[in-house]
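Breakdown of the fold
The chain contents come next:
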Amino acid sequence: MRIVETISELRVSTIAQARASGKVVGLVPTLGALHAGHLSLIEAASRRDDFVVVSIFVNPTQFGPEEDYQRYPRQLIRDAELAEQVGGDLIFAPSRAEMYPDDHSTWVEVEDITEGLCGRFRPGHFRGVTTVVTKLLNIVQPDRAYFGKKDYQQLVVIKRLVRDLNIPVEIVGLPTVREADGLAVSSRNQYLDTQQRAAAPQLYQALQHGAEAARHGARGTEVEQVVRESLASEPVFTVQYVQAVDPETLQPLGEAGAPMVVAAAAYLGDTRLIDNIKIEEDAINAENDG
Ligand code: AMP
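Residues numbered from 1 in each chain as written. Predicted model: local features only at pLDDT ≥ 70, side-chain atom pairs only at ≥ 80, totals over all residues. Heavy atoms only, no water.

The next point concerns the site of the ligand. With respect to spatial proximity, 16 residues lie near the ligand, and among them L31, H38, D151, V177 and V185 are the closest. Here H38 contributes a side-chain N or O atom positioned 2.9 Å from an oxygen atom of the ligand. Surface burial for the ligand is 93%, taken as the share of its 490 Å² of free accessible area covered by protein chains. Here the shell around the ligand takes three residues from helix α2 (residues 36–48), the largest share from any one element. Its residues assigned to classes, the shell around the ligand shows seven nonpolar, seven polar and two charged. (Near = heavy atom within 4 Å. Polar contact = N/O pair within 3.5 Å; in protein donor to acceptor, adjacent residues only side chain to side chain. Areas by Shrake-Rupley, 256 points an atom, 1.4 Å probe, with all protein chains shown as cover. Helix = DSSP H or I, 4+ residues; strand = E, 2+ residues; numbered from the N terminus. Nonpolar A, V, L, I, M, F, W, Y, C, P; charged D, E, K, R; others polar.)

Here it is, written out as structure tokens:
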């Protein structure tokens, strides 16, 4: 598996060649420490696209000063092997200096939909994400780019970014890959100790309780209450937020019902986990009809 570290090499020798031979290019942006969730994106890309670039870059600008940038797992060689096994064609692993020269001074900011949910608790996070994703899209110029619904707000923000700036790429959102017990696969799961790991699946279970209530007609605030109560039964969680939002606008639902996405963030010790569940409008009708 070829690992390219500079923008010029990627552009000139690789992407240009792929394009010249008429290949459709897919991009899977990641922070590395690849797991089953990332691999599902790479696999999906390799099924649809002819040349799949996996970027691995622990983007400093999306981490807050108190967050885990320093301790974030880095394992480039292993990542390259894993990506190759599922159909990745090239790893783009730039250095920090390659992506952010000392006098870097341009930022991409998506307003409004970055303010709620995770954005409220991670100031500057989405600015870092939208800036680096814009740079990666400009560097690779893919036909399609793949993102996970596990980071639901991120997916919606990137779709908005691409629409608003008329970036010629199709954004593909793919389902959350979970462990057998329901825990969403995440690089941060490896920070959990045995007790925390045993409790962690209850985040998704709580969201499922909320979804169940929504399918029975519960409104946004009621659904949030169900999820909060369910999480409260597991004292090891420190809940940061539970919010039911409109799937497109990400606005809080209040007294409105489905369609909705219920998103939550909770700490287990120092480790912050996020997850979400979507309830379609017809899920309610199906229950009521039945
Ligand atoms: P990250 O390396 O955490 O920035 O994630 C890179 C991409 O993988 C993002 O689009 C994430 O949404 C996606 N991703 C992370 N975890 C999962 C998962 N469990 N299932 C599906 N996609 C995921």
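As a general point, the strands of a sheet are linked pairwise by backbone hydrogen bonds and lie either parallel or antiparallel. Strand order across the open sheet formed by three strands is β7-β8-β9, with antiparallel pairing between neighbours. Two strands close off the open sheet at either side, each with one partner strand: β7 (237–245) and β9 (271–279). Averaged over all pairs of adjacent strands, the angle between strand axes in this sheet comes to 15 degrees, irrespective of strand direction. Two elements, strand β8 (residues 260–268) and β9, share nine bridges in a ladder whose sense is antiparallel. If you follow Y267 over to β9, its bridge partner there is R272. (Pairing = 2+ DSSP bridges. Axes fitted to C-alpha atoms, helices over the stretch in contact; angles between N-to-C directions.)

Moving on: the pattern of salt bridges. Summed over all chains, the structure comprises 11 salt bridges. In this structure, E9 and R2 form a salt bridge, with 2.8 Å as the shortest nitrogen-oxygen distance. The partly exposed category is assigned to E9, whose relative accessible area is 32%. On the basis of relative accessibility, which here comes to 37%, the residue R2 falls in the partly exposed class. E67 serves as the salt-bridge partner of R122, at 2.6 Å between the closest nitrogen and oxygen. Taken together, the residues span a long stretch of sequence, with R122 in the loop between α5 (117–121) and α6 (125–140) and E67 in the loop between β3 (51–56) and α3 (76–85) at a distance of 55 residues. Counted as one network, the salt bridges with shared partners bring together R48, D49, R144 and E170. (Salt bridge = Lys/Arg side-chain N within 4 Å of Asp/Glu carboxyl O. Buried < 20%, exposed > 50% of the residue type's maximum accessible area, 1.4 Å probe, protein only.)

This paragraph deals with the sheet that holds β3. Taken in spatial order, the six strands of this open sheet run β1-β4-β3-β2-β5-β6, and their pairing is parallel. Edge positions in the open sheet fall to β1 (2–4) and β6 (170–174), since each of these has one partner strand only. Mean inter-strand twist for the sheet, computed between neighbouring axes without regard to direction, equals 25 degrees. In the sheet, strand β2 (residues 25–30) pairs with strand β5 (residues 144–148) via two bridges, with the strands oriented parallel. Looking at β5, one finds that L27 is bridged to A145. Taken strand by strand, α6 contacts β2, β3, β4 (90–92) and β5, and its axis lies near 150 degrees from that of β2. Contacting β5 and β6, helix α7 (residues 152–164) runs over the sheet at an angle of about 170 degrees to β6. (Contact = heavy atoms within 4.5 Å.)

The buried fraction of β5 is high, at five of five residues. The alternating pattern of β5 places R144, Y146 and G148 on one face and A145 and F147 on the opposite face, and all of these are buried. With five bridges connecting them, β5 and β6 associate as parallel partners. Bridged to G148 within β6 is L174. Where the polypeptide runs from β5 across α7 and back to β6, its parallel neighbour, the crossover connection is right-handed. (Right-handed = clockwise from strand over helix to strand, strands pointing away.)

Across the junction of A258 and P259, the peptide omega takes the value 10 degrees, indicating a cis bond. As for its position among the elements, P259 is in the loop between β7 and β8. Although it is not a glycine, D112 sits at a positive phi angle of roughly 60 degrees. As for its position among the elements, D112 is in the loop between α4 (96–99) and α5. Its identity as a non-glycine residue notwithstanding, N166 has a phi of 55 degrees, on the positive side. The residue N166 is located in the loop between α7 and β6 in this model.

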